[in-house]
Every structure is written in structure tokens, then in C-alpha cells.
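An overview of the molecular structure
So you can see what is in the structure, the chains are spelled out below.
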There are 2 protein chains.
Amino acid sequence: MSKHAFPDSQRAGVYRAIAERRDMRHFCSGTVAPALLARLLEAAHQAPSVGLMQPWRFIRITQREVREAIAEQVEAERLLTAKALGERGDTFMQLKVEGILECAELLVVALMDGREAHVFGRRTLPQMDLASAACAIQNLWLAARAEGLGMGWVSLFDPQALAALLQMPVGAEPIAVICLGPVAEFYSAPMLALEGWAEPRPLDELLYHNSWGASG
Amino acid sequence: MSKHAFPDSQRAGVYRAIAERRDMRHFCSGTVAPALLARLLEAAHQAPSVGLMQPWRFIRITQREVREAIAEQVEAERLLTAKALGERGDTFMQLKVEGILECAELLVVALMDGREAHVFGRRTLPQMDLASAACAIQNLWLAARAEGLGMGWVSLFDPQALAALLQMPVGAEPIAVICLGPVAEFYSAPMLALEGWAEPRPLDELLYHNSWGASG
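Residues numbered from 1 in each chain as written. Chains lettered and ligands numbered in written order. Predicted model: local features only at pLDDT ≥ 70, side-chain atom pairs only at ≥ 80, totals over all residues.

1. Structural notes on the environment of alanine 71 of chain A
Residues and elements named next belong to chain A. Under the convention used in this document: Runs of H or I in DSSP of at least four residues are treated as helices and runs of E of at least two as strands, each being numbered from the N terminus. Using C-beta atoms placed from the backbone, we call a residue buried if 20 or more other C-beta atoms fall within 10 Å of its own, exposed if 12 or fewer do, and partly exposed for counts in between. Once C-beta atoms are placed from the backbone, any two residues with those atoms within 7 Å are in contact.
Turning to its location among the elements, alanine 71 is positioned in helix α3 (residues 64-84). What makes alanine 71 partly exposed here is the crowd of 17 C-beta atoms within 10 Å. As for alanine 71 and glutamate 98, which are separated by 27 residues in sequence, their C-alpha atoms are 8.8 Å apart. Once you skip the residues sitting within four places of it in the chain, alanine 71 turns out to touch Ile100 and Leu101.

Quick look at the structure:
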């Protein structure tokens, strides 16, 4: 074992957070203490970023009317998604896909404006800014799980409408509506697996060697 | 505190992995035991994914000639990036931006082909597949740190050339060259901060309330 490895209990904590994190849509009452919310956001902010550009911006929603406007936008997109899903639309409509009005804290994560000035690591892959922000959100998710809080990443929205609602400048782009807060319990498996929406595939089907599709 | 919260030492492990994870470019000799590599990849594979689509594909590179061909592609892009950076190109060329030939294990992560069939959570934000794969890579990064192994995400490559080298089907898309393995030490801060490439900004400058730019 590496001399840089964490002690067993700390290492177990990392694997446990990874294994027990869930994309939550069911929240219960309660609040998130300010110091705890600050700790979670600092965890997000410690994410890696391409060229150290820190492209993430967090918007904490505290006004009820803004939260309700976001809920309306998500509901509109839920209906459009159901339509786009064709024959699976009815099944989709049975799923609970967000907990925006119930969760203790609502956050919107966006990519900053002015990203075109950042070339390092992005000349051929400009979308690496999104990858960095997703790492920040995963940090938040894992830290929240360790604290016993649920979190859900909702991507059912029209980014232009949400940008307008939150007065984002040209070039900024919302990527996530984050529901965060106490939950009665965590799902025992991904909710979409429990609900039969999709069957998760095992790792060995997605792992190749030296070229696409080749087994080891 | 939530009844679902982890015990202190496990919680500390999560925050420590988040805080001490680094985007490593310097590796030392040594190997990654097969069981350990499998554990890390399973951690990656437990990431959330939009609509449970699991868009990630991992290609482990074990053939030296493939590794060398990837190193050549990255070197070509490094030179093109330096040129694109203009007056910062010289400074960029002084940085160590990858450890492809030195690291114990080399992985390529790609988005699968056929993603257009997945509509859930992607009708207006098709790039959420990349976000999911980035969460998987962040899991790998944090688990590696807990195990005392370094990891670096290299995005200096031409995705079409890398896809061709690894015989990816149309629609699949490489997003990361991952260097993984033992390191002599972890950087005390992000390498690009230590090297003076960029000055990290504090969280409070990137956190707004209810609308863009608004303080709480």
C-alpha cells in the first residue's frame, strides 16, 4: 500500500460515499445549517478545473417566487420530454423527476461567461469547462451524502429560459438545478433502476483494452 | 446532524480526498495492483448518469506502442495549444502538462456511441452525458487519492485522431486521457497555482443569490 494512502476508516468513507450516493427526488422537511451549506459549497469549489479556470458559478435560491418559477420551467420541460420520448412518455410521466418545491435548499449551477478566453486544455475540447463543473457537483454530492443529506441533479429545463430568469449574462449557461436537503431515506439502488426505467450494466461490459470493444 | 450522516472518521475521509486530490503530472515508478485498479474502476462506474444511461467507456492501455502513439498525439496538441495561447505560449511550454510515458496505468475515457437514443434529461441539454462521465472520473480521482495514488486528466488531444487510433465507432468520443499511478508526493496546491499560471479565486466571488452577480 502507498504511504500516501488514507487510514482505513477514511478510505472506507470515500468508497461508502461513492457507493451510497443517490440522485434524490424525494425530500423531507428540515433545513441545512448555514455552516454545513458553506462546507458543502467549499467541497464543490475544491474541484479540479481545466487550466484552473474555475468555470462554475453557484446561485442559491432563497426567494420563494424564484423557486416557484424554476419549478414551472422544469414542469414545462417534463411535458416536452414526455412527448419526445414517444411510447415511453407515459412511463416517464409516472416517475418523480425532481423535488424542487420540497427540498430544503435549491441551487442553480452555471458555467461562467467569457469562457472563450480560456484555451488551456480546451482548444480541441471546449466542453471541458462543463466537465470541470460536473466534478464540482460530484464533490458536492459526495460530501452531502457523507453529511446524510440528499441531493438531486435536475437537467429538465430550457437553459435559455433559466438563464433569462436568473439574469445571466451572454455566454453564461445553466447546467444544473440542484435539490439539496434532508431525506427520510436514501434509495437502496438508483431510483431509475428500482422503477424499472433502465437496467444498469456491469463494468466489465464497458471496459476495453487497447482498442474499442476489445477484452483484456 | 442527520441520522444518515457517516461517522466522523469516514466523513473526514471524504472531505480529505476532496481537499487533497490533485491533477498530477509527475509520477514515479511502481505499479497498480489489479485488484486495486478494479476497485478504482468500480468506484468510477458507480457515478450518477443522466437517465441511467452510463455513457462512459474505459479503455485500458497496456500496449507500449499504443501508449507511445497517444503520447505523440498529446505532444502535437501541446505545440498547437502553445501557438494558440499567443504571448502566454512560452510560459505554457515550461509547464509539465502530462505524465503519459511515466505513469503506471494509462486509461482513455470515452462517451459511447448511440447516445442520441437517450432523451431523458438530455432533450435540451444533450451534453449531460459528458457531465455524467466527468462525475465518474471524479469518483476515480477521489478513490485514487484515498488509496495514495496520483491521477491526472489530460485533455490536450485531437478527439478525432484519438478515436481513430483506438478504433472507436462513429458517435463515440474520447474525453480524457487518464494518467494513474504512484507519485513521490502530491502537490501542496494545484500545480497551475504553484507555477503561477493562474490565481485561484475564493468561493464567495463565485456564489450568488437569486440572480446572477447578487450577493446574499
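That was the structure; now back to the text.
2. A closer look at the relation of the copies chain A and chain B
Inclusion rule: A least-squares fit on C-alpha atoms brings the copies together, and the residues used are those whose pLDDT is at least 70 in both copies.
For the pair chain A and chain B, the relating rotation is 180°, the translation along its axis is 0.0 Å, and the fit reaches an RMSD of 0.0 Å. Within this description, the copies of the chain are treated as partners about a two-fold rotation axis. Of the interface residues in chain A, 100% have counterparts in chain B that sit at the interface too, so the contact is made through matching surfaces.

3. What about helix α3 (residues 64-84) of chain B?
Residues and elements named next belong to chain B. Which entries qualify depends on this criterion: Multiplying 1.5 Å by the helix residue count minus one yields the expected span of that helix.
Here α3 is 21 residues long and its end C-alpha atoms lie 30 Å apart, about the 30 Å a rise of 1.5 Å per residue gives. On its buried face, α3 sits against β1 (56-61), α4 (89-94), β2 (105-111), β3 (150-154) and β4 (173-181). Remark: glycine 86 follows α3 within two positions and exhibits a positive phi of approximately 65°.

4. So, the sheet that holds β1 of chain B
In a beta sheet, neighbouring strands pair by backbone hydrogen bonds and run either parallel or antiparallel. To keep things clear, this is the line we draw: Any two strands with at least two DSSP-identified bridges between them are counted as paired. Comment: axis = line fitted to C-alpha atoms, over the contacting stretch for helices; angle = value between 0 and 180 degrees taken between N-to-C directions.
If you walk across this open sheet you meet the 5 strands as β5(A)-β1(B)-β2(B)-β4(B)-β3(B), and the pairing is mixed. Looking at the sheet topology across the chains shown, the edges are occupied by β5 (207-209) of chain A together with β3 of chain B. Within this sheet the neighbouring strands show an average axis-to-axis angle of 25°, counted without direction. Looking at chain direction, β5 of chain A and β1 of chain B are connected through 3 bridges and run parallel.

5. Re the interface of chain A and chain B
Condition: Side-chain classes are defined by residue name, with Ala, Val, Leu, Ile, Met, Phe, Trp, Tyr, Cys and Pro counting as nonpolar, Asp, Glu, Lys and Arg as charged, and the others, Gly among them, as polar.
At the junction of the two partners, chain A supplies 93 residues and chain B supplies 93 residues. Secondary-structure elements contributing two or more residues to the side of chain A that touches chain B are α1 (8-20), α2 (34-45), β1 (56-61), α3, α5 (128-146), α7 (191-194) and β5 of chain A. It is α1 of chain A that contributes the most residues to the side of chain A that touches chain B, 11 residues altogether. Taken together, the residues of the side of chain A that touches chain B break down into 57 nonpolar, 24 polar and 12 charged.

6. Focus on the pairing of strand β4 (residues 173-181) of chain A
Residues and elements named next belong to chain A. Of all 9 residues in β4, 9 are buried, a share of seventy percent or more. Bridge count for strand β2 (residues 105-111) against β4 is 7 bridges, and the pairing is antiparallel. Residue pairing for β4: glutamate 105 is matched across the bridge by leucine 180.

7. Thoughts on unusual backbone geometry
In this structure, leucine 52 of chain A takes a positive phi of about 55° despite not being glycine. Residue position: leucine 52 of chain A is located in the loop between α2 and β1. Of note in this structure, glutamine 167 of chain B is not a glycine but carries a positive phi near 55°. Relative to the helices and strands, glutamine 167 of chain B is located in the loop between α6 (159-165) and β4.

8. Structural notes on the nonpolar core
The condition that has to hold: To count as a nonpolar core, a set of buried Ala, Val, Leu, Ile, Met, Phe, Trp, Tyr and Cys residues must be joined through C-beta atoms within 7 Å.
Grouped together as the largest cluster of nonpolar side chains are 138 residues, with contacts concentrated most on Val109 of chain A together with Val109 of chain B. With residues up to four places along the chain from it excluded, the contact list for valine 109 of chain A reads Trp56, Phe58, Ala133, Ile137, Ile175, Ala176 and Ile178 of chain A.

9. A look at the environment of methionine 191 of chain B
Residue and element names in this part refer to chain B. Structurally, methionine 191 can be placed in helix α7 (residues 191-194). Owing to 19 C-beta atoms within 10 Å, methionine 191 belongs among the partly exposed residues under this scheme. Remark: the alpha-carbon pair of methionine 191 and tryptophan 212, spanning 21 residues in sequence, is separated by 30 Å. Sequence-distant contacts of methionine 191, defined by excluding residues within four places in its chain, comprise Asp23 and Arg25.

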